[in-house]
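A look at the structure
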Amino acid sequence: MHPMLNIAVKAARRAGNLIHRAADNLDHLTVTKKSHADYVSEVDRAAERIIIETLLEAYPGHAILAEESGTQGQSEYVWIIDPLDGTTNFLHGMPQYAVSIGLQHNGVLTQAVVYDPTKNDLFTATRGRGAFLNDKRLRVSKRKEMADSLIGTGFPYSNFAHIDAYMAIFRDLMQKTAGLRRPGAASLDLAWTAAGRYDGFFETGLKPWDMAAGCLLITEAGGMVSDLKGADAFLQSGHVCAGNPFIHPQLLEIIAPHLTPGLKA
């Protein structure tokens, strides 16, 4: 395992242990509402602290981009962190949430960890070395037909600017696929696409920390990731389309007629 990935795994497991313990005491948590349907708990903040401490202890010169504390430092190496992706699930006792840690080197994603503490599933990738789940090599699915495919998504939950376009895409896909799923943690949805559990995935309005690690997992598992118009600006726009090499272009084709100016940005 690459030394930087090793440190990221250590950080993710430490955060995961903290989250797992807190899941037994949900009634006692302090929770703050950031915006409509967007929550942060003391667990998010504590998990983020432990991740940043672990990373900076090993690499004190590296920069941080984290959901709760924002940007710290300047470096060619930037760690992109979501300490608890799926906070709303977590707060309701739904066991679908994860720790997501990605590393960018000069703007290129090079390391990825998505850790699901409830299932002890550790998804990892190093650029050029493949993606893994608990040391087992991951490959995207081989399904070729949209009609046979299971597609993951995330509903708009606090930013409803693109809701009409989203619902139109959703309606089309509902009729053209084997099913749509929305478990509620984008990092895991992307990891599951890398693992071939989904054949494709799309979502609007994500943040870099929701998807940095997951997107590298997919490309290293032989899949494709783009924004909704097929370009590579997904980390900037927050709009993402992913899938195996057969389903990804078909997804883009179904999405294309519904793209508003904001979704083409």
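These notes cover the structure that comes with them. (Residues numbered from 1 in each chain as written. Predicted model: local features only at pLDDT ≥ 70, side-chain atom pairs only at ≥ 80, totals over all residues. Heavy atoms only, no water.)

**Description of the pairing of strand β7 (residues 108–116)**
Among the nine residues that make up β7, eight are buried, leaving the element largely enclosed by the rest of the structure. Pairing geometry for strand β6 (residues 98–105) and β7, over seven bridges, is antiparallel. Its bridge partner lying in β7, glutamine 104 is registered against leucine 109. Between the antiparallel neighbours β6 and β7 lie two residues, among them asparagine 106 with a positive phi of about 50°. Of the pairings in the sheet, the one linking β7 to strand β8 (residues 121–126) comprises six bridges and is antiparallel in character. Each residue of the ladder has a partner; that of glutamine 111, found in β8, is threonine 126. (Buried < 20%, exposed > 50% of the residue type's maximum accessible area, 1.4 Å probe, protein only. Helix = DSSP H or I, 4+ residues; strand = E, 2+ residues; numbered from the N terminus. Pairing = 2+ DSSP bridges.)

**Quick notes on the pattern of salt bridges**
Per the stated rule, a full pass over the model turns up seven salt bridges. Aspartate 116 is the salt-bridge partner of lysine 119, the closest N and O atoms lying 3.0 Å from each other. The salt bridge involving aspartate 199 is made with arginine 143; its shortest N-O contact spans 3.1 Å. With aspartate 199 in the loop between α5 (186–194) and β13 (200–203) and arginine 143 in the loop between β10 (136–137) and β11 (150–153), this pair connects stretches of sequence that are 56 residues apart. Here aspartate 199 falls in the buried class, since its relative accessible area comes to 1%. Judged by relative accessible area, which is 41%, arginine 143 ranks as partly exposed. Here the salt bridges share partners, and the residues they tie into one network are Lys34, Glu67 and Glu68. (Salt bridge = Lys/Arg side-chain N within 4 Å of Asp/Glu carboxyl O.)

**What to know about a nonpolar patch on the surface**
On the surface, Phe160, Ile163 and Met167 cluster together into a nonpolar patch covering about 250 Å² of accessible area. Its location among the elements puts phenylalanine 160 in the loop between β11 and α4 (163–176). (Patch = residues over 30% accessible without salt bridge, like charges linked within 9 Å, V, L, I, M, F, W, Y side chains within 5 Å. Areas by Shrake-Rupley, 256 points an atom, 1.4 Å probe, with all protein chains shown as cover.)

**Remarks on the side chain of aspartate 116**
Take aspartate 116: it is sitting in strand β7. Among the polar contacts made by the side chain of aspartate 116, one reaches the side chain of lysine 119 at a distance of 3.0 Å. (Polar contact = N/O pair within 3.5 Å; in protein donor to acceptor, adjacent residues only side chain to side chain.)

**Here we look at helix α8 (residues 247–255)**
Within the sequence span of α8, burial applies to Ile247, His248, Leu251, Leu252, Ile254 and Ile255. End-on, the buried residues of α8 take up no more than an arc of 160°, which puts them together on one face. Check the buried side of α8 and you find it contacts β11, α4, β13, β14 (224–226) and β15 (240–243). (Arc of directions from axis to C-beta. Contact = heavy atoms within 4.5 Å.)

**Notes on the packing of aromatic side chains**
Summed over all chains, the structure comprises seven aromatic pairs. Ring centres 5.2 Å apart and planes at 90° place the aromatic pair phenylalanine 90 and tyrosine 97 in the edge-to-face group. When its relative accessible area of 4% is taken as the criterion, tyrosine 97 is described as buried. (Phe/Tyr/Trp six-rings, centres within 6.5 Å; stacked < 30°, edge-to-face > 60°.)

**Side note on the nonpolar core**
With 35 residues, the main nonpolar core has Val114, Phe123, Met211, Leu217 and Val240 as its most contacted residues. Contributing elements (two or more residues each) for this core: β7, β8, β9 (131–133), α5, α6 (208–220), α7 (234–237) and β15. Considering every element that reaches this core, the biggest residue donor is α6, with eight residues. Two domains each provide a minimum of three residues to this core, namely domain 1 (3–137) and domain 2 (146–264). For valine 240, the contacting residues outside a window of four places in its chain are Phe201, Phe202, Glu203, Leu206, Met211, Cys215, Val225, Ser226, Asp227, Leu228 and Phe234. (Core = buried A, V, L, I, M, F, W, Y, C linked by side-chain atoms within 4.5 Å. Domains from an automatic or database assignment.)

**So, the sheet that holds β11**
An order of β12-β11-β13-β15-β14 is seen for the five strands of this open sheet, with the pairing classed as mixed. In the strand order of this sheet, the two ends are held by β12 (179–181) and β14, each with one partner. Ignoring which end each strand starts from, the neighbouring axes of this sheet average 15° apart. Note: β11 against β12, three bridges, orientation parallel. By the bridge assignment for β12, leucine 150 is matched with glycine 179. (Axes fitted to C-alpha atoms, helices over the stretch in contact; angles between N-to-C directions.)

**Examining the sheet that holds β6**
A sheet is described by the order of its strands in space; here eight strands give the open sequence β4-β3-β5-β6-β7-β8-β9-β10, paired in mixed fashion. Strands at the two margins of the open sheet, each flanked by one partner only, are β4 (70–72) and β10.

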